[in-house]
Amino acid sequence: MKKLAIIGCGGIGTYHLEHFLEYKDIELAGFCDLIPERAEEFVRKAGKGRAFTDYREMYDAVNPDMVFICIPPTCHGEIEFETIRRGIPFFVEKPLALDLDLARRIRDAAEAKGLITASGFQCRYSNIVQPTIDFLKTHEVPYVECARMGGVPGTPWWPKKSLSGGQAVEQTIHQFDIIRYVFGEPDTVFSMATRGFVKGIEGYDTDDLSSTVIRFKNGALGTISTGCYATDGACFDSKITFSAPDSRLDHYIIGKVNIYGQKPQEDDGSGLVVKGDGTLRAGGAEAVTIQDDGTAGVVCDRTFVDAVLTGDGSKIRSPYRDALRSVSFTLACNKSMETGPPVKVELD
Ligand SMILES: NC(=O)c1ccc[n+]([C@@H]2O[C@H](COP(=O)([O-])OP(=O)(O)OC[C@H]3O[C@@H](n4cnc5c(N)ncnc54)[C@H](O)[C@@H]3O)[C@@H](O)[C@H]2O)c1
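Residues numbered from 1 in each chain as written. Predicted model: local features only at pLDDT ≥ 70, side-chain atom pairs only at ≥ 80, totals over all residues. Heavy atoms only, no water.

Trainee: What is the right way to read the site of the ligand from this model?
Mentor: The immediate surroundings of the ligand are formed by 25 residues, with Ile 12, Asp 33, Arg 38, Gln 122 and Glu 170 found nearest. In the environment of the ligand, an oxygen atom lies 2.9 Å from a nitrogen or oxygen atom belonging to the backbone of Gly 11. Contact distances for the ligand include 3.0 Å between a nitrogen atom and a backbone N or O atom of Gly 120. Relative to its free-state accessible area of 850 Å², the ligand is covered by the protein chains to the extent of 85%. Each residue belonging to the shell around the ligand can be placed in one class, and the counts come to 13 nonpolar, 7 polar and 5 charged. Counting only domains with at least three residues in the shell around the ligand, you end up with domain 1 (2-123 + 296-314) and domain 2 (126-293 + 329-343). (Near = heavy atom within 4 Å. Polar contact = N/O pair within 3.5 Å; in protein donor to acceptor, adjacent residues only side chain to side chain. Areas by Shrake-Rupley, 256 points an atom, 1.4 Å probe, with all protein chains shown as cover. Nonpolar A, V, L, I, M, F, W, Y, C, P; charged D, E, K, R; others polar. Domains from an automatic or database assignment.)

Trainee: What is the right way to look at helix α9 (residues 173-182) in this model?
Mentor: Residue pairs spaced three or four apart in an α-helix point in one direction, given the helix's 3.6 residues per turn. Among the 10 residues of α9, 9 are classified as buried, and the element is accordingly described as predominantly covered. Considered for burial, the residues of α9 that qualify are Ile 173, His 174, Gln 175, Phe 176, Asp 177, Ile 178, Ile 179, Arg 180 and Val 182. (Buried < 20%, exposed > 50% of the residue type's maximum accessible area, 1.4 Å probe, protein only. Helix = DSSP H or I, 4+ residues; strand = E, 2+ residues; numbered from the N terminus.)

Trainee: In this structure, what is going on with the sheet that holds strand β9 (residues 209-216)? I would like to understand it.
Mentor: Backbone hydrogen bonds are what pair the strands of a sheet, in a parallel or an antiparallel way. The sheet built from 9 strands is open, its strands ordered β16-β13-β12-β11-β7-β10-β9-β8-β17 with mixed pairing. Pairing within the sheet leaves two strands with one partner each, and these edge strands are β16 (287-291) and β17 (343-344). In the sheet, strand β7 (residues 143-149) pairs with strand β11 (residues 239-244) via 5 bridges, with the strands oriented antiparallel. Counted as the bridge partner of Ala 147 is Lys 239 from β11. (Pairing = 2+ DSSP bridges.)

Trainee: I tried to follow the environment of Asp 232 on my own but got confused; where do I start?
Mentor: Position of Asp 232 among the secondary structure elements: in the loop between β10 (221-227) and β11. Expressed as a C-alpha distance, the spacing of Asp 232 and Gly 150, which sit 82 residues apart in the sequence, is 8.0 Å. Here the side chain of Asp 232 touches Ala 234 through a polar contact of 2.8 Å, landing on its backbone nitrogen.

Trainee: What is the right way to look at the nonpolar core in this model?
Mentor: Ranked by size, the top nonpolar core spans 33 residues in total, and within it Ile 179, Phe 183 and Phe 242 carry the most contacts. Taken together, the elements giving at least two residues each to this core come down to α6 (129-138), β7, α9, β9, β11, β13 (256-260) and α11 (320-339). By size, the runner-up hydrophobic cluster in this structure holds 32 residues, among which are Tyr 59, Val 62, Ala 97 and Ala 323. (Core = buried A, V, L, I, M, F, W, Y, C linked by side-chain atoms within 4.5 Å.)

Trainee: Explanation requested: the domain arrangement of the protein chain in the structure shown.
Mentor: You'll often see interface size given as the accessible area lost when the parts meet. Each assigned domain of the protein chain is listed with its residue range as follows: domain 1 (2-123 + 296-314) and domain 2 (126-293 + 329-343). Between the C-alpha centres of domain 1 and domain 2 the distance comes to 30 Å. Residue-level contacts link 12 residues of domain 1 with 16 residues of domain 2. A per-residue breakdown of the area domain 1 buries against domain 2 is headed by Leu 98, Phe 121 and Cys 123, which together make up 46% of the total. For Lys 94, the salt bridge goes to Glu 170, with nearest N and O atoms at 3.5 Å. Taken together, the links from domain 1 to domain 2 amount to 2 residue pairs in polar contact (both at pLDDT 80 or more). (Contact = heavy atoms within 4.5 Å. Buried area = accessible area lost by both parts, 1.4 Å probe. Salt bridge = Lys/Arg side-chain N within 4 Å of Asp/Glu carboxyl O.)

Trainee: Hey, could you run me through the side chain of Asp 33 in this one?
Mentor: Within the secondary structure, Asp 33 sits in the loop between β2 (26-32) and α2 (36-46). There is no salt bridge for the buried Asp 33, and the closest opposite charge comes from Arg 38, which lies 4.9 Å off by N-O distance. Among the polar contacts listed, one links the side chain of Asp 33 to the backbone nitrogen of Cys 9, at a separation of 2.6 Å. Setting aside anything within four residues of it in sequence, one finds Asp 33 in contact with Gly 8, Cys 9, Gly 10, Arg 38, Ala 39, Phe 52 and Thr 53. (Lys, Arg positive; Asp, Glu negative; His and termini not counted.)

Below is the structure:
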């Protein structure tokens, strides 16, 4: 039986482990964390495998066939290079790294070795992605609007921008990534950020809110705003809206899509949008809704594991090379926030 290992037994490591506990065809062989109790807890939960605090020792002892790398954004580098040197296919959590040059070297080394790679963009595997792609195939969309408002996550490294990359890079990268996946590549971004609204969190030095204007390569414009100042979900209706002239689709990642403008409805005369000859009918009040089925994370992990088992990585929706493009997208926003002018997104 093929052997699986995990490096980083924190929050997202636990999420993956929950999925692996269902596997009957994979041996959960090794768990590694700098904090020994965390790795030991994984052994206890799995009911098998061994705990380590040093990934090299784990590799020597266990010789895994695949590894999930679930460590904080600034801890990447050595682990990937050693994994690649040993020829072990790897799944690595977003945002891959905060240093683009480092991530590019990892990408090139993995590709030179012909390794199967995947990343933690599980939203791509949601059942609501295909209806969104279908909508975008049949509608020309000049404008994309996205917002994600939340609070400050509890991991110790998150409040420091130098450790997390900030909210666009660490969290809202899921929305940046989905927009790339279903809609198209960005050309240029112009971002501003603000601080001073989030108070009382030790070590906090990241942006409370940022807003980005995007010019896409297909000519459309977009905006993405993301904040961590929220204390309640009432703060904002976080979603991605794809706006076509006669309809729109609201995509709530791993939630639902609402498609407006498809149901015929009575014109009650309340339309405010103006067309050449006067008012436009009030449209889009009622939506067709498709719910997420809750399996995206399970499917994402299983797709990578199956790719390793079969040697065919073609079903992986977010290999390292593609994931890196989403990292570049968000880091370009950071650069614009820091320097002022618009920034060209260097996808590769
Ligand atoms: N895909 C998603 O939706 C999603 C969700 C949450 C987090 N993440 C990503 O996962 C990564 C980890 O986040 P988290 O919330 O699990 O963080 P965490 O702090 O809860 O866990 C990270 C673990 O990695 C361990 N670690 C660090 N360096 C190590 C090393 N060299 N060897 C072994 N263990 C090491 C830490 O001790 C810690 O236990 C981040 O990049 C985050 O962005 C992805």
